[in-house]
Amino acid sequence: MQSPETSDPDGSMPSAPIDRSVTDSLRISLAVLRRRADPRRLDRTVVLGDLRVGGVSILDGQVELSLEAEARGAEVVVTGALVARWEGECRRCLEPLGGRLDLRVNEVMAATGSRTSEDDASDVYPLDGDDADLEPVVRDALLLALPISPLCDELCAGPDPERFPATSGTGDVEAGPVGDPRWAVLDALRGDDGPDPG
Ligand SMILES: [Zn+2]
C-alpha cells in the first residue's frame, strides 16, 4: 500500500503522477529512473493497437495502467496492475461476449547480455537505448491473459461435437479379424500370392 503524499522532506516530490519523463507512451528515461531510488509510477490509460489472439481482442485496445518501474542496479523491475476489457465470441454458439482482465505485473528488464544464465535471460525483457520501454511487458501480460477459446457458459449447448456424443446406445464393436474388411483383403492377397505351404 502506497502512503499518500503527506510528507515530502526534500521537497522533490512531483506534483503530478505523470511528468515529462514519460514520453512516447510507455517509455521511461533510464537516466531519470536511476537518478532516484524511488520507483517511478505510471498511472494512466493507454490505447495499444493489435492486442488480439484469434477472435478475441482487447476492447478498443484500451488498458488502464497502474505500474511502478524501479531501477535496481543495472536492472529495472516493473510491478503493478493492468485492467482491460476483452471482447470475442463464444466458441460454441458464436454469441458475442466479453470480460475484464485484472492482472498483476512483476517483470525484470535488463540490458541484453548482462545476464549470463540463459534460464534467467528468457524471463527478462531487454533494455535498449536510453529508455525502459514498458510496452512489451504490458502487451505480453495482456496477450497471455486473453481467453483463447471463451465460452458464454460452461453448459453452452452450441454446435460442439463433444456435446453431441455419437456413441450412446451402441454396443461393443467386434474387434476380431472375422468380418473385418482389412483382413479380408489380406486373405485374398494371400490366396493369390502367398507362399506355397507345400
Ligand atoms: Zn455459447
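Draft legend 1. Expanded view of unusual backbone geometry. With a phi angle near 65°, D50 is a residue other than glycine that sits in the positive phi range. In this structure D50 comes out as exposed when scored by C-beta crowding, with 9 C-beta atoms within 10 Å. The backbone phi angle of L94 is positive, close to 65°, even though this residue is not glycine. Relative to the helices and strands, L94 is located in the loop between strand 6 (75-89) and strand 7 (96-111). Accessibility expressed as a C-beta count within 10 Å gives 12 for L94, which makes it exposed.

Draft legend 2. Summary view of the environment of L33. With respect to the helices and strands, L33 occurs in helix 1 (residues 30-35). L33 sits 43 residues away from V76 along the chain, and the two C-alpha atoms are 8.4 Å apart. Sequence-distant contacts of L33, defined by excluding residues within four places in its chain, comprise I28, R40, A69, A71, V76 and A132.

Draft legend 3. The nonpolar core, seen in detail. Core analysis: the largest hydrophobic core is formed by 24 residues, its most contacted members being A69, V78, A132, L134, V138 and L142. Counting only elements with at least two residues in this core, the list comes to strand 5 (56-72), strand 6, strand 7 and helix 3 (135-145). For this core, the element with the most residues is strand 5, which contributes seven residues. Ignoring any residue separated from it by four or fewer positions in sequence, one finds L142 in contact with L51, I58, V63, L82, A84 and L101.

Draft legend 4. View of the confidence of the model for the protein chain. In this model, the protein chain carries a mean pLDDT of 76, and residues with pLDDT of at least 70 account for 63%. Within the protein chain, strand 6 carries the highest mean pLDDT (96), whereas strand 1 (residues 22-23) carries the lowest (36). Note that residues 11-23 has pLDDT below 50 and, in this model, 11 contacts with residues that lie over four places away or in other chains. Long-range and interchain partners of residues 165-179, a stretch whose pLDDT sits below 50, account for one contact in this model, where long-range means more than four residues apart.

Draft legend 5. Up close: the environment of L65. Assignment of secondary structure puts L65 in strand 5. Of the residues examined, L65 has 20 C-beta atoms within 10 Å and is grouped as buried. In the structure, L65 is positioned 38 residues away from L103 in sequence and 10.0 Å away in space, judged by C-alpha atoms. Once you skip the residues sitting within four places of it in the chain, L65 turns out to touch L42, D43, R44, V46, L82 and V138.

Draft legend 6. Structural view of helix 3. For helix 3, every residue scored as buried is listed here: V137, V138, A141 and L142. Buried positions in helix 3, seen along its axis, are confined to an arc of 120° and lie on one side of it. Packed against the buried residues of helix 3 are strand 5, strand 6, strand 7 and strand 8 (124-127).

Definitions and limits used
All residue numbers refer to positions counted from 1 along the written sequence of the respective chain. Only residues with pLDDT of 70 or above have their local features reported here, since the model is predicted, and side-chain atom pairs are shown and tallied only from 80 upward, although totals for entire chains, interfaces and linings are computed over all residues. With C-beta atoms placed from the backbone, the exposure class of a residue follows from how many other C-beta atoms lie within 10 Å of its own: 20 or more, buried; 12 or fewer, exposed; in between, partly exposed. Think of it this way: any DSSP run of H or I at least four residues long counts as a helix, any run of E at least two long counts as a strand, and we number them from the N terminus. C-beta atoms are first placed from the backbone for all residues, and any pair lying within 7 Å is then listed as a contact. Joining buried Ala, Val, Leu, Ile, Met, Phe, Trp, Tyr and Cys residues through C-beta atoms within 7 Å gives a set, and that set is a nonpolar core. On a range of 0 to 100, pLDDT expresses the predictor's confidence in each residue. Think of the arc as the fan of directions from the helix axis to the C-beta atoms.

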